[in-house]
Structure formats: C-alpha cells, structure tokens
Amino acid sequence: MIIAVLSDIHANLEALAAVVADARREGAGRFACLGDVVGYNADPVACVDLVRGLPCLPCIRGNHDEMAAGDRVLLGINRQAFDAMTWTRGQLDAERRAWLGGLPLLHEEPDAVYVHASLHEPAAWHYVHDAQAAAASFAGQSPRVCFIGHSHQPGGWRDDGHGAKRGQGESFELAAGERWLVNVGSVGQPRDHDPRASYALYDADGGRVRLRRVAYDVAAAQAKILAAGLPEQLAKRLG
Ligand code: ZN
C-alpha cells in the first residue's frame with residue numbers, strides 16, 4: 001500500500017489538485033493529511049471538501065484549522081496570517097468549521113504516526129528545526145516513522161539510538177533498528193525556495209518514504225488571492 005502524505009495545503013486548490021493527481025499516478029491508494037487545510041490562500045471551502053472526499057486516514061488538525069474553527073481573538077500571528085484567517089473564517093460555514101475543529105491532534109497506526117507539528121506536546125505546535133526539537137519528538141514515538149508538517153520545510157530525521165541526525169536526499173529507507181521523523185513539506189505554500197508543491201509517498205510494505213515535488217499553476221493561485229482581496233504578499237510568496 002502506498003500512502004500519499006499531504007500537509008499544509010493552506011487553501012491552495014491548484015496545488016492540492018496537482019498533488020492528488022500526481023499521487024494517484026504514483027500508485028497511492030490512500031491519503032494522509034497532516035492539517036492546515038486552510039489559511040493564507042483563496043480556496044478554503046473547495047480544499048476542505050476535496051480533502052474530505054479523499055480515501056483518507058483521519059485528517060489531523062493543524063494550528064490554522066484550529067484558528068479557523070474557533071472564534072477567539074487571533075493573537076501571536078503576523079499581519080498577513082491575521083488578515084487571511086479573518087477572511088477564511090468568513091468563507092467557511094458552521095458545519096465545515098466544526099469539522100476542522102473536531103479533527104484529532106494525531107493518528108497512530110502500528111507502523112506510522114501522523115501529527116501536524118511534533119509529537120512533543122502536539123497542541124503546542126512546536127517547530128522541528130533542529131536536532132534537539134527532533135529528539136523531543138522522537139521521545140514520544142513508538143512506530144518506525146512519524147510524519148509531520150508545520151514548518152513547510154521538507155526533510156527527514158533519523159534516530160538509530162544515538163541521537164537525531166538529518167537524513168540525506170529525498171528518499172529514506174526505514175531500516176530495522178531505526179526510527180524516522182519525516183517532514184513532508186507544504187502542498188500549498190512551500191518555504192524552501194522551490195515553488196513546487198511538496199508531499200511524500202510512503203511505501204508501507206517496502207519500508208520506504210519518498211519526498212515529491214509537483215509543479216502546478218502558481219499564477220492561477222496568485223490571481224485568486226488578489227481577486228479575493230487577500231494580502232498581496234501572500235500571492236508573491238507562492239512564487
Ligand atoms: Zn502551515
């Protein structure tokens with residue numbers, strides 16, 4: 001079974017559609033979504049509905065999903081995220097917001113665990129940017145692989161029992177005696193100077209994870225952001 005692991009779609013329908021098509025071509029029979037379905041881009045309703053229609057493991061809640069579902073005053077986020085989240089709340093009806101708010105913080109299977117940010121205090125949305133943060137997440141991990149998103153920076157960490165080390169390349173073998181923490185990157189707003197959508201293909205039987213990049217119609221997504229009156233910087237950022 002090949003599982004396509006998606007994260008940080010952020011209401012980018014063009015990127016999501018391209019990734020789903022690519023994953024199906026690559027033989028994915030199931031999908032896993034690590035959250036942040038909404039926020040930043042212009043298609044929150046269509047993206048929620050598309051994700052809900054996928055043959056998916058339980059979709060995980062991200063910090064933007066949580067903000068979109070609630071009605072608390074938005075604190076601790078930058079101006080663009082604030083404006084986009086205020087707009088996003090206005091687009092989503094009560095039923096879709098309730099769906100986002102009811103998503104679980106993590107989903108664990110015998111071979112893999114799925115969480116938005118880190119297994120270390122999942123509700124605190126810690127970023128895994130260094131070996132120390134990776135080690136904190138590994139401390140809560142039993143299955144051989146944990147999939148995360150949140151930082152929008154794809155890459156892998158390996159723990160062979162002697163600390164967390166960065167995995168090399170874009171394909172990781174899940175060897176016996178090792179555990180892996182794989183950041184699948186962002187479908188809808190990559191932040192690593194590669195504008196293509198990012199996701200991962202998990203070959204559960206073969207014990208292998210492959211990071212994938214998919215070109216999509218960036219100009220169309222940018223035009224929708226501007227047409228919706230969302231901050232211009234959010235359109236520029238996609239390029
Ligand atoms: Zn995100």
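These numbers were taken from a predicted model, which means no experiment stands behind them.

> Please explain the coordination of the zinc ion as it appears in this structure.
Four donors placed tetrahedrally around a metal ideally meet at 109.5 degrees, and six donors placed octahedrally ideally meet at 90 or 180 degrees. Surrounding the zinc ion are the protein donor atoms Asp8 (OD), His10 (NE2), Asp36 (OD) and His152 (NE2), which sit 2.0 to 2.5 Å from the metal. Taken together, the four donor atoms surrounding the zinc ion define angles of 87 to 176° at the centre, an arrangement classified as irregular. Positions of the donor residues of the zinc ion, expressed as sequence spacing, correspond to D-x1-H-x25-D-x115-H. Residue Asp36 is located in the loop between strand 2 (30-33) and helix 2 (44-53), and its partner His152 is located in the loop between strand 5 (145-148) and strand 6 (155-159); the two are separated by 116 residues in the primary sequence. Comparing Asp36 with His152, the two get one shared label, buried.

> For this particular structure, what's the right way to read the pairing of strand 10 (residues 197-203)?
Within a regular strand, side chains alternate between the sheet's two faces. Of all seven residues in strand 10, seven are buried, a share of seventy percent or more. Here strand 10 shows no split at all, with Ala197, Tyr199, Leu201 and Asp203 on one side and Ser198, Ala200 and Tyr202 on the other all buried. In this sheet, strand 10 lies alongside strand 1 (residues 2-6) in antiparallel orientation, the contact comprising four bridges. Paired with Ala4 across the two strands is Leu201, which belongs to strand 10. Once strand 10 ends, the chain turns through four residues before running back antiparallel as strand 11 (residues 208-214), passing Gly207 with a positive phi of about 65°.

> For this particular structure, what's the right way to read helix 2?
Given 3.6 residues per turn, any residue in an α-helix points the same way as the ones three and four places further on. Buried within helix 2 we find Pro44, Cys47, Val48 and Val51. What you see down the axis of helix 2 is that its buried residues fit within an arc of 100°, all on one side.

> I would appreciate a short explanation of the state of the cysteines in the present structure.
Here, the word disulfide means a covalent bond between the sulfur atoms of two cysteines. If you walk through the whole model with that rule in mind, you get zero disulfides. With no disulfide partner, Cys33 has as its closest neighbouring cysteine sulfur the one in Cys59, 3.4 Å distant. Look at Cys33 and you get buried, because its relative accessible area is 3%.

> Help me out: how do you make sense of the sheet that holds strand 2 in this one?
Neighbouring strands of a sheet are bound in pairs by backbone hydrogen bonds; such pairs are parallel or else antiparallel. Read from one edge of the open sheet, five strands run 2-1-10-11-8, paired in mixed fashion. On the outer flanks of this sheet lie strand 2 and strand 8 (171-173), each paired with one strand and no other. Across the sheet, the axes of successive neighbouring strands diverge by a mean angle of 20°, strand direction being ignored. Running over the sheet, helix 1 (residues 13-25) touches strand 1, strand 2, strand 10 and strand 11 and is turned about 25° from strand 10.

> When you look at the environment of Gly207 in this model, what are you seeing that I'm missing?
Tracing the backbone through its elements, the reader meets Gly207 in the loop between strand 10 and strand 11. The exposure class of Gly207 is buried, given its relative accessible area of 5%. Taking C-alpha positions, Gly207 is 14 Å from Gly156, a pair spaced 51 residues apart along the chain.

> Before we go on, may I ask you to explain helix 4 (residues 79-91) in this structure?
In a regular helix each residue adds 1.5 Å, so 13 residues correspond to 18 Å; helix 4 covers 19 Å between its end C-alpha atoms and thus fits that length. Taken together, the buried positions of helix 4 are Ala81, Ala84, Met85, Trp87, Thr88 and Arg89. Of the surrounding elements, those touching the buried residues of helix 4 are helix 2, helix 3 (63-69), helix 5 (94-101) and helix 8 (232-238). Among the residues of helix 4, the N-terminal cap falls to Asn78, whose side-chain oxygen and the backbone nitrogen of Gln80 are separated by 3.1 Å.

> Mind showing me how you'd approach the environment of Asp43 here?
Note on placement: Asp43 falls in the loop between strand 2 and helix 2. Since its relative accessible area comes to 15%, Asp43 is described here as buried. Along the primary structure Asp43 and Ala200 are separated by 157 residues, whereas in three dimensions their C-alpha atoms are 22 Å apart. If we skip the residues at most four places from it in the chain, Asp43 touches Ala11, Leu13, Glu14 and Lys224. A distance of 2.8 Å separates a polar atom in the side chain of Asp43 from a polar atom in the side chain of Lys224.

> I would appreciate a short explanation of the side chain of Asn63 in the present structure.
The topology assignment puts Asn63 in helix 3. Assessed through its relative accessible area of 15%, Asn63 is described here as buried. Beyond its immediate sequence surroundings of up to four residues, Asn63 is in contact with Asp36, His116, Trp125 and His150.

Criteria and cut-off values
- Residues numbered from 1 in each chain as written.
- Predicted model: local features only at pLDDT ≥ 70, side-chain atom pairs only at ≥ 80, totals over all residues.
- Heavy atoms only, no water.
- Donors = N, O, S within 2.8 Å, 3.2 Å for Na, K, Ca; no water.
- Tetrahedral: all angles 85-135°; square planar, octahedral: opposite > 155°, others 65-115°.
- Helix = DSSP H or I, 4+ residues; strand = E, 2+ residues; numbered from the N terminus.
- Buried < 20%, exposed > 50% of the residue type's maximum accessible area, 1.4 Å probe, protein only.
- Pairing = 2+ DSSP bridges.
- Arc of directions from axis to C-beta.
- Disulfide = S-S within 2.5 Å.
- Axes fitted to C-alpha atoms, helices over the stretch in contact; angles between N-to-C directions.
- Contact = heavy atoms within 4.5 Å.
- Expected span 1.5 Å × (residues − 1).
- Polar contact = N/O pair within 3.5 Å; in protein donor to acceptor, adjacent residues only side chain to side chain.

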